[in-house]
Amino acid sequence: MDDKSRKGGALLVDVLSAEGVRTVFGVPGESYLAVLDALHDAAGCIRTVMARHEGAAAYMASAHGKLTGRPGICFVTRGPGATNAAVGVHTAMQDSSPMILFIGQANRETLGREAFQEIDYEKFFGSVSKWSVELRDSGRIPEVVGRAFRTALSGRPGPVIVALPEDMLEETVSAPPVAVRSMPVRPEAGADAVAHVLSMLEDSQRPLVLAGGGGWTCSGRDALQRFSEGNGIPVVAAFRRQDLIDNRSPAYAGDAGTVMPPHVKDLMTSADLVLAAGVRFDEITTGGYGLFSVPVPKQALIHVHSSDGELGKVYVPDLAVQACPCSFFCKMEDAVLENRGRWREWYRDAHRRYRESLRCPDTPGPVNLARIMSWLADRLPDDAVLTNGAGNFAIWPGRFIPLGRAARLLAPQSGSMGYGLPAAIAAKLAHPDRMVVCFAGDGDFQMTGQELATARQYGAAPIVILFNNGMYGTIRMHQERQYPGRVHGTDLVNPDFAALARAYGFHAERVVRTDEFENAFERAVGAGTGALIELRVDPEAVSPYDTLAGIRSRAAAPSRDDAA
């Protein structure tokens, strides 16, 4: 990039190009027309993907960041555009996914007067972003945007907000050349720290690795697996991070997610040492903060994290190592513990119990989700990308489809409905040759279902498997548990999902019997246009492990104290 005069919007796009950005997501807005004009000229190197809703665009950017390891870029307009996008920002924060949200802002001379659609974005996004800044000097665009990239990537990855006053983008500026693309600042574990970790592991009887968080690379995941397999240490994945290790590895012991399997709870509570790598100790992974005592766990705790802000935030570790988990395991992968034979049965039993947990119970009704998940587990390619939003439906693929070493999972730790389809679109645009399958509930899908139009416009062709049970199933489950028989606000009157998908140009089918699914899926794979398969699920199949009738019956039964 040469030193020349250009509008602030054009300079911003030049900086993005220099940072290696090749796709931006967003919804167009009048407050950043200068950027759109510059993206028109940059169309040969930067693809612009405009969604139908800002929340979906932000989901796409968040998913892109998680999948690629580089910040997903999203542009929205001020006021309603920015507030709509907040759901994706919150998701990126809880997922520890690198993302930068650029927001068109009111003109500088009107700021502070509550001008049209004006918001103080530094305050609004303060608690759900790593950094929020309003850029008022066009000459500082290279500096601030470079810092935004480094901030999004460094330490615990996450979202950054950059507000762009409209007149700043329109003014002409002479700026110096931009340096090469920004790289994350990640602390490295020293030899002493590695030696201390190995010593603590040598002294343990029942060690466990708990892996999670963002910023993992392929080499880091491979090193985690080699170290764990080489030393016979079971690995539990944090909530929705099953893709950190090949689930078929003898080291894999399952995930600490919703409806946590009993054997995972047992592993976490009976381990005498937990090596937590990249984990931020969220509520789901810790079983509501009940599997480890707060603030000092009874288990010895080694916490490895890139951010000093995460070390000791919830639990006081016996050893805190501020280091990138990937580089940490790359230094550890060839280490051989002399006492590894001491916990051989612990290791073997952990994986055996995980394998047993894959036996999905048959579900009521003519569509048996257990059989469908089993078939998909055998059919999906090793490098498939699976996505989902939020709801009980996500338990089936999340629990019963093991992920291979090259597979990826894009799922929101924030429990945000509607994430799955935008994430699938972002994944298919990033990797058009890989199979991308989105699992969605009927309520979940209708949060962002209009993005089928975005998929068709930009040539993304994911496969959507939609669980239609005519209700907000997760809320109904809790409703029946706490207020049995008093159903209110959780029923859904749904459209013809197959017809709706066909209207958007997707191949679509409805499956009402289990034996229809296999051929429907193969037709979906061969369609080439993207596809939606609607599964008519019996409402009783509210969870792999329970039915509505069972939940209601137990909740309504009088306790022994009441009976007395």
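Residues numbered from 1 in each chain as written. Predicted model: local features only at pLDDT ≥ 70, side-chain atom pairs only at ≥ 80, totals over all residues. Heavy atoms only, no water.

## Quick look at the sheet that holds strand E10 (residues 235-238)
As summarised here, the arrangement of the 6 strands in space is E11-E10-E9-E12-E13-E14, forming an open sheet in which the pairing is parallel. Of all strands in the sheet, those with a lone pairing partner are strand E11 (252-256) and strand E14 (319-322), marking the two edges. Sheet twist, expressed as the mean angle between neighbouring strand axes with direction ignored, is 20 degrees. Inspection of the sheet shows E10 paired to E11 by 3 bridges, in the parallel sense. Its bridge partner lying in E11, Val-235 is registered against Tyr-252. Across the sheet, helix H8 (residues 191-202) lies against strand E9 (207-211), strand E12 (273-277), strand E13 (300-305) and E14, angled at about 145 degrees from E14, the strand it touches most. The sheet strands contacting helix H12 (residues 344-357) are E9 and E11, and the helix crosses E11 at an angle near 60 degrees. (Pairing = 2+ DSSP bridges. Helix = DSSP H or I, 4+ residues; strand = E, 2+ residues; numbered from the N terminus. Axes fitted to C-alpha atoms, helices over the stretch in contact; angles between N-to-C directions. Contact = heavy atoms within 4.5 Å.)

## Overview of the side chain of Ser-327
Among the structural elements, Ser-327 can be located in helix H11 (residues 325-332). Ser-327 has contacts with Pro-187 and Glu-188, leaving out every residue within four places of it along the chain.

## Observations regarding the nonpolar core
Counting 60 residues, the largest nonpolar core has Val-236, Met-268, Phe-281 and Phe-329 as its most contacted members. Ignoring anything within four residues of it in the chain, the contact list for Phe-329 reads Val-209, Trp-216, Gly-220, Ala-223, Leu-224, Phe-227, Leu-275 and Ala-277. Ranked by size, the runner-up nonpolar core spans 52 residues in total, among them Val-49, Ala-51, Cys-74 and Ala-92. (Core = buried A, V, L, I, M, F, W, Y, C linked by side-chain atoms within 4.5 Å. Buried < 20%, exposed > 50% of the residue type's maximum accessible area, 1.4 Å probe, protein only.)

## Structural notes on the state of the cysteines
Under the definition given, this model contains 0 disulfides. Unpaired in this structure, Cys-45 has its nearest cysteine sulfur neighbour in Cys-74, at a distance of 19 Å. On the accessibility criterion, Cys-45 (34% relative accessible area) is partly exposed. No disulfide involves Cys-74; its sulfur sits 19 Å from the nearest other cysteine sulfur, which is in Cys-438. (Disulfide = S-S within 2.5 Å.)

## Things to note about the sheet that holds strand E17 (residues 436-441)
Taken together, the 6 strands give an open sheet; going across it, the order is E16-E15-E17-E18-E20-E19, and neighbouring strands pair in parallel fashion. One side of each edge strand has no neighbouring strand; the edge strands of this open sheet are strand E16 (408-410) and strand E19 (507-511). With strand direction ignored, the average angle separating the axes of adjacent strands in the sheet is 15 degrees. As defined by bridge partners, strand E18 (residues 463-468) adjoins strand E20 (residues 531-536) across 6 bridges and the pair is classed as parallel. Bridge pairing links Leu-466 to Glu-534 in E20. Across the sheet, helix H13 (residues 369-379) is in contact with E17, E18 and E20; its angle to E18 comes to roughly 165 degrees.

## Here's the deal with the packing of aromatic side chains
Tallied over the entire structure, the rule returns 20 aromatic pairs. Members of the aromatic cluster, joined through ring pairs, are Trp-216, Phe-227, Phe-328 and Phe-329. Just above the ring of Trp-131 sits the side chain of Arg-147; from NZ or CZ to the centre is 3.9 Å. (Phe/Tyr/Trp six-rings, centres within 6.5 Å; stacked < 30°, edge-to-face > 60°. Lys NZ or Arg CZ within 6 Å of the ring centre and 35° of its normal.)

## Considerations on the packing of H8 against H11
Angle between the axes and distance between the axes are the two parameters that describe a pair of packed helices. Between H8 and H11, the shortest axis-to-axis distance is 11 Å and the interhelical angle comes to 70 degrees. The angle between H8 and H11 places the two elements in the roughly perpendicular class. H11 is crossed by H8, and the crossing has right-handed handedness. Residue-level contacts link Val-194, Val-197, Leu-198 and Leu-201 of H8 to Phe-328, Lys-331 and Met-332 of H11. (Parallel < 35°, antiparallel > 145°, perpendicular 65-115°, else oblique. Left-handed = near helix turned anticlockwise from the far one by under 90°.)

## Comments concerning the pairing of E13
With 5 of 6 residues buried, E13 lies mostly within the body of the structure. Pairing geometry for E13 and E14, over 4 bridges, is parallel. Bridge pairing links Val-304 to Val-321 in E14.

## Here we look at helix H3 (residues 54-68)
Under the 1.5 Å per step criterion, the end-to-end length of H3 is 21 Å for 15 residues, consistent within 8% with the ideal 21 Å. In terms of burial, H3 is a largely internal element, 14 of the 15 residues being buried. Phi for Gly-69, located one or two positions after H3, is positive at around 85 degrees. (Expected span 1.5 Å × (residues − 1).)

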